[in-house]
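Residue-level structure breakdown
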Amino acid sequence: MKLIKKNKKAYHDFKIEDEFEAGIVLSGNEVKSLRNHACSIKEAYARINPHTREVWIHNMTIDRYSHSADEEYNPNRKRKLLLHKHQIKRLYKKTEERGYTLVPLALYFNDRNIVKMLLGLGKGKTKYDKRESIKRRDFEREQARSRKNIF
């Protein structure tokens, strides 16, 4: 697995309850651009179209490939995600509930050099929850340092 981008902000802003691996429909120039790590998934989110039951990723930016001749390229276009029908059904039921959203967690090439996205089903954290997770992380760091100094 070759990691392209990881969305660290998603783990801070959401409590991730489940993860799904999805394929993405891309053009050839977009794949070449991803090999150069020229993308951003920080502001991206996924939505399920209720009529067609298709999953689409919005606000994911893939920069234009430098050697591309395509002048009308839109880096922020929505892209289709490929999931199994039973996964889409399950995600649709969960996202209909209040507070759940589909967040991209990572973008990577799998072992067969196919671009995959790790989607997380998450519930938004409140400010209190965010502060609590920061405190817990700091406490764990201090514990690790103290264990390191003992030995």
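Look up a bit, the structure's there.
Residues numbered from 1 in each chain as written. Predicted model: local features only at pLDDT ≥ 70, side-chain atom pairs only at ≥ 80, totals over all residues. Heavy atoms only, no water.

Once that is clear, we can look at the overall build of the chain. Of regular secondary structure, the chain possesses four helices and nine strands. Scanning the chain from its N terminus toward the C terminus, one meets helices and strands in the order β-α-β-α-β-β-β-β-β-α-β-β-α. With the principal axes as the frame, the chain shows a C-alpha extent of 60 × 40 × 30 Å. A separation threshold of at least 6 residues defines the contact pool for the chain, and within that pool the share at least 24 residues apart is 66%. For the chain, the exposed area adds up to about 10300 Å²; of that, 48% sits on carbon and sulfur atoms. (Helix = DSSP H or I, 4+ residues; strand = E, 2+ residues; numbered from the N terminus. Contact = heavy atoms within 4.5 Å. Areas by Shrake-Rupley, 256 points an atom, 1.4 Å probe, with all protein chains shown as cover.)

Counted by the stated rule, this structure contains zero aromatic pairs. The cationic tip of Arg-53 hangs over the ring face of Tyr-92; the distance from NZ or CZ to the ring centre is 4.1 Å. The ring of Trp-56 has Lys-78 lying over it, and the distance from NZ or CZ to the ring centre is 5.0 Å. (Phe/Tyr/Trp six-rings, centres within 6.5 Å; stacked < 30°, edge-to-face > 60°. Lys NZ or Arg CZ within 6 Å of the ring centre and 35° of its normal.)

Looking at where Arg-79 falls in the secondary structure, it is placed in strand E7 (residues 79–82). One polar contact links the side chain of Arg-79 to the main-chain carbonyl oxygen of Met-60, over a distance of 2.9 Å. At a separation of 2.8 Å, a polar atom in the side chain of Arg-79 contacts the main-chain carbonyl oxygen of Arg-77. (Polar contact = N/O pair within 3.5 Å; in protein donor to acceptor, adjacent residues only side chain to side chain.)

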